[in-house]
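Next come the chains, spelled out residue by residue.
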Amino acid sequence: MNPVEKKDGKKEFSVIGSTNGREADNGSAGADVAFIDNTPYRIQQGETILAFIRRNFGQEYVPTLCDAPNLDPFGSCRVCSVDVALHEKGKAKAQASCHTPVMPGSYIYPHSNRIQKLRKNIVELVLTDHPLDCLTCEVNNNCELQTVAAKVGIRDVRYPEGKNHLNKEKDLSHPYMTSDFSKCINCYRCVRACDEVQGEFVLSMAGRGFDSHIIKSLETDFENSDCVSCGACAQACPTSAISDVFESKSTAVDKKVRTICTYCGVGCNLDVAVKENKIHSIQAPYNAESNQGHTCLKGRFAFSFYNHEDRIRTPLIKKNGEFVEATWEEAYDFIAHKLTQIKNDFGPDYIAGISSARCTNEENYLMQKFIRAVIGTNNIDSCARVCHSPTALGMQRTFGTGAATNSVKDLNFTDCMMVIGANPTDAHPVTGAKIKQQAIKGKTLIVIDPRRIELARYADYHLQLRPGTNVALLNMMLYYIIKEQLEDKDFISKRTEGYEDFKQQVLSLNIDELEKITGVNKDLVRRASVAYASAGNAMSFHGLGVTEHTQGTFTVMLIADLAMITGNIGRRGVGVNPLRGQNNVQGAADMGCQPHQGAGYLDITLPENHQRYELFYNAKLPTHVGYKIPQMYDASLNNKLKAVWVIGEDMAQTDPNTHRVVAALKNLELFVVQELFMTETAKLATVILPGASFLEKSGTFTNGERRIQRVNKVVEPIEGTRPDGQIIVDIMNRMGYAQPDYDPETLLDEIAQIVPFFAGVKWKDLGENGKQWPVAKDGSDSDMIHVESFKRGLGKFVHNHFKETEEIVQHGKEYPYIITTNRELEHYNCGAMTRRTGNGKILKEDFLLINPVDASKHQIHEGDMVCIESPRGKADVRAKITDEVKPGILSSTFHFPDIMLNNITSDISDSEAMCPEYKVVAVNIRKSKGKYKKEPV
């Protein structure tokens, strides 16, 4: 795949045909052709000369050094120069083909004698300042300079050796990034990757002439620079001037396998290099539609957890309070016996399962099938409950389906972006970088967040509201859109219902009161509202700062109302786009891991759906709704739940009100945990079953834009472990239900028969970039939904008034501060994986963000330990003094078990979906009297 220029100057990927596929035009010269070596070829509008030649003669026909697939044309190396004449007998001039538009009727000579001499001379000059140690260099046989030198015929260098760069010291200061600028050729690709791909502007060129050299921040090393470790510069570098500790450009590997990242919901494609059945390195493929050759430090570098010494490598059964190693047969027998006993003695509803958004679609499907068809209960939920269940419910109520309406590529077509309750540059870094790039280019950006997140620096409007007041602020926006008469009346009349009643309720609002509630100036809200409603195309992105509130579902519905009232649904560059927290949150819900809906979101209480599932599973199924995760804790504490089986979730560290969660888990008779590591939750288990990481199994993940992508096994599972899907299959068979061995291809065939929007999904047809559901039986997919009509027919306007959370009502006076939780770039959720990689050296502990006013009031200094106390408990966190948060607002993370921040969070949940309210916790603070625990490893 190669870049081709579009009308707007941006690159898109299109297949470059072989020379046999050339479109030679044998007619006379015309406005739509240009000549390559006197043969006419048709021009595509907006093409550069280089793109024109490559389309007709292939990627390698013209050598380049400063060109890269995901970077804009630059023209610094001039190796791509070609001779161009404006007419057949005109005088040819050398022009850089990478950034020069092809002129109709022009004559192009890519390899004239003087061009070949020019290229050779350029490369010779580069080599005078480059060490000739190719055979020992890490990029030997994968060095673009080496390739180009051979192509232009370099046999020796006629010029004297340079004196400037050859003695540069290597920079090995960083856990991942390295540099050896003696090998730099000043192509600017690293600088441009940092600017154009990541948007971080860390790298630059200093000096003039022969003194020109790359600098990091203000002439420092990688460790002390502002580098975010994404590795885009290293992948872009044509030599090994910038690289990484894994030597990811080395060809000394056995194979490369393409798979999907296990971290956030972006769904980055990864090319994983393997050597001697061990992961050697990871790069991002340029032809990946999800990430176009980019990924973050987690996806690119944080993989060494997979074979870490802490991996659990054998089943463990707790006996007399201690874990004892067991065989798989012993563990299966023990579990099957206990589950059968509990089911016989108390009934199936005394058993529950919690599946994982980190597992594949096929594994999630099997887990809900096991709980429903084998155990006989609807007590099945997943960690999607604690992040995006309000998104699913809110969008189902308004649109008819709870998934993103558009694709991330629509950023190229939007005029206005609204980011609410999300920090994508940290939590969804590739999408965050894309949003940032569009803002840098001048597109309107509205950020609604209690913190001054990175994107707020680029925002036209930052509405820094008090945590928990999203509903109030969105109501203000809707009020001003109606008052300014900016509604899309045609869209409203043709495609929605309930608007008139909705409008009257909005207009009855007291804007001055809402201004006081949110803490945001009403004129600023008005201007942001007008910008959103007036934009030709506007799209929104929301995250856990929307969903993890008591009014999370209502907030999602109001975001949907904003899209409908302005007609921003059903075309390019618009829509409502939730940013899924984990890699397969979308898929876990799609597969039926919720107590009220089966696979495909069919209501399990409706007779026709119930009958369909019973016939399909050939089992007797219950008709009543099961327990959600918070209800499971209640049931256990009330002795109404005896057994829980959980896959890959560390609820004892990540679920709110830790003391209550731990008490509930300890009260179970049987607690089965499938895990990679001895997490805080695994420590409480009756039985631990060692699962396989994403690198050790196959299946599919569904990313935040509904893209179903193939996860391909890269290496064999660590000895003693098994894929999670196979573990579930084993226990299903052990308990008398015949289920074939885990195979994603056959399971997808089964899923396609019961999940309507997977009807045409087949393993072999997913290819490298997957398909976006709904996928029709003929295999056609959908990068946009709700184009002609909504899933529910007409979009439904429903107004919801602001209501203060009970956390503030009950505890606000005694605990006057609000702490809101967030995620840092370097770590992921409980940090069980990332803490066991080099990421743990970059960010070593959780921090408390505190405003200077509050710090001064409590005599807290930078780096002091702060005791945070809520009605549930205490936690000690190190202070980071910043104006990123307003006075009275605090923020922290729960990546490290030493802190156990969820000791202080509440079990108050969203009123509709029971998603926990992590984002509003009433607390008090003081300078800590205690000592900080040992630094996490």
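Look up: the structure comes first, before these words.
Q: Which parts of the structure should I look at to understand the overall build of the protein chain?
A: Looking only at helices and strands, the protein chain features 28 helices and 37 strands. A compact globule built from 937 residues should have a C-alpha radius of gyration of about 30 Å, and the protein chain, at 29 Å, falls within 12% of that. Across its three principal directions, the C-alpha atoms of the protein chain cover 90 × 70 × 65 Å. A burial count over the protein chain gives 65% of its 937 residues as buried. Here the analysis covers contacts within the protein chain between residues at least 6 apart in sequence; of these, 73% occur between residues at least 24 apart.

Q: Whenever I open this one, the pattern of salt bridges confuses me. Can you help?
A: Opposite charge on two side chains permits them to pair, given that their charged atoms come into close proximity. Enumeration over the complete set of coordinates arrives at 47 salt bridges. Glutamate 454 is the partner of lysine 436 in a salt bridge, and the nearest nitrogen-oxygen pair spans 2.7 Å. With a gap of 18 residues between them, lysine 436 in helix H11 (residues 429-440) and glutamate 454 in the loop between strand S20 (444-448) and strand S21 (461-463) connect regions that are remote in the sequence. Pair check on accessibility: lysine 436 and glutamate 454 agree, each one buried. Three or more residues joined by partner-sharing salt bridges are found here, namely Glu200, Lys436, Glu454 and Arg457.

Q: Quick question: what am I supposed to make of the sheet that holds strand S13 (residues 269-275) here?
A: By definition, the strands of a sheet pair up through backbone hydrogen bonds, in either a parallel or an antiparallel sense. Ordered by their spatial adjacency, 3 strands build an open sheet running S12-S13-S14, and the pairing between neighbours is antiparallel. A strand with exactly one partner marks an edge of an open sheet, and here the two such strands are strand S12 (255-260) and strand S14 (278-283). Between one strand and the next, the sheet's axes are offset by a mean angle of 35°, whatever the strand orientation. Direction of pairing for S13 relative to S14: antiparallel, over a ladder of 5 bridges. In the strand pairing of S14, alanine 273 is matched with serine 281.

Q: Quick question: what am I supposed to make of the side chain of arginine 311 here?
A: Tracing the backbone shows arginine 311 in the loop between helix H6 (297-301) and strand S15 (316-319). Since its relative accessible area comes to 4%, arginine 311 is described here as buried. Separated by 3.2 Å, the side chain of arginine 311 and the backbone oxygen of glycine 691 make a polar contact. Every residue in contact with arginine 311, bar those within four places of it in the chain, is listed here: Phe305, Tyr306, Leu676, Phe677, Gly691, Ala692, Ser693, Glu696, Ile718 and Thr721.

Q: Before we go on, may I ask you to explain the packing of helix H12 (residues 470-483) against helix H16 (residues 522-534) in this structure?
A: To characterise two packed helices, one gives the angle between the axes of the helices and the distance between these axes. Orientation of H12 relative to H16, taken along the N-to-C sense of each, is 65°, at an axis distance of 8 Å. As for how H12 packs across H16, the hand of that crossing is right-handed. Across the interface between the two elements, Leu473, Met476, Met477, Tyr480 and Ile481 of H12 pack against Lys522, Val525, Arg526, Ala528, Ser529, Tyr532 and Ala533 of H16. Classifying every residue of the contact of H12 with H16 by side-chain character gives 9 nonpolar, 1 polar and 2 charged.

Q: Before we go on, may I ask you to explain the packing of aromatic side chains in this structure?
A: For any pair of aromatic rings, the description consists of the separation of the ring centres together with the inter-plane angle of the planes. Applying the stated rule across the entire model yields 25 aromatic pairs. On the numbers, 4.7 Å between centres and 45° between planes, the contact of phenylalanine 246 with phenylalanine 303 is tilted. With phenylalanine 246 in the loop between strand S11 (242-244) and S12 and phenylalanine 303 in the loop between H6 and S15, the pair connects residues that are 57 residues apart, well separated along the chain. We classify phenylalanine 303 as buried; its relative accessible area is 4%. For the pair phenylalanine 491 and phenylalanine 790, a centre-to-centre distance of 6.3 Å together with 85° between the ring planes defines the contact as edge-to-face.

Q: So what exactly am I meant to see when it comes to helix H7 (residues 328-346) here?
A: Quick reminder: α-helices carry 3.6 residues per turn. Residues three or four places apart thus point the same way. For H7, built from 19 residues, the straight-helix expectation of 27 Å at 1.5 Å per residue is met to within 8% by its first-to-last C-alpha distance of 27 Å. Looking only at H7, the buried set comprises Trp328, Ala331, Tyr332, Ile335, Ala336, Lys338, Leu339 and Ile342. Looking straight down H7, one finds its buried side chains confined to an arc of 170°; they lie on one side. Facing away from the buried side of H7 by over 90 degrees, the exposed positions are His337, Asn344 and Asp345.

Q: I'm lost on the sheet that holds strand S36 (residues 889-892) in this one. Help?
A: Read once around its circumference, the closed barrel built from 6 strands follows the order S32-S36-S33-S35-S34-S37, with strand pairing classed as mixed. Within this sheet the neighbouring strands show an average axis-to-axis angle of 45°, counted without direction. Sheet topology places strand S34 (residues 865-869) next to strand S35 (residues 874-881); 5 bridges connect them, and they run antiparallel. What sits directly across from valine 866, in S35, is valine 877.

Q: Looking at this model, I keep getting lost on helix H14 (residues 499-507). Mind explaining?
A: What H14 keeps buried is the set Tyr499, Phe502 and Val506. Down the axis of H14, the buried side of the element spans an arc of 60°, and every buried residue falls inside it. Those residues of H14 that are exposed and angled more than 90 degrees off the buried face are Glu500 and Asp501. In this fold, the buried residues of H14 make contact with H12, helix H13 (489-495), strand S22 (496-497) and helix H18 (552-565).

Conventions adopted
Residues numbered from 1 in each chain as written. Predicted model: local features only at pLDDT ≥ 70, side-chain atom pairs only at ≥ 80, totals over all residues. Heavy atoms only, no water. Helix = DSSP H or I, 4+ residues; strand = E, 2+ residues; numbered from the N terminus. Rg over C-alpha atoms; globule rule 2.2 N^0.38 Å. Buried < 20%, exposed > 50% of the residue type's maximum accessible area, 1.4 Å probe, protein only. Contact = heavy atoms within 4.5 Å. Salt bridge = Lys/Arg side-chain N within 4 Å of Asp/Glu carboxyl O. Pairing = 2+ DSSP bridges. Axes fitted to C-alpha atoms, helices over the stretch in contact; angles between N-to-C directions. Polar contact = N/O pair within 3.5 Å; in protein donor to acceptor, adjacent residues only side chain to side chain. Left-handed = near helix turned anticlockwise from the far one by under 90°. Nonpolar A, V, L, I, M, F, W, Y, C, P; charged D, E, K, R; others polar. Phe/Tyr/Trp six-rings, centres within 6.5 Å; stacked < 30°, edge-to-face > 60°. Expected span 1.5 Å × (residues − 1). Arc of directions from axis to C-beta.

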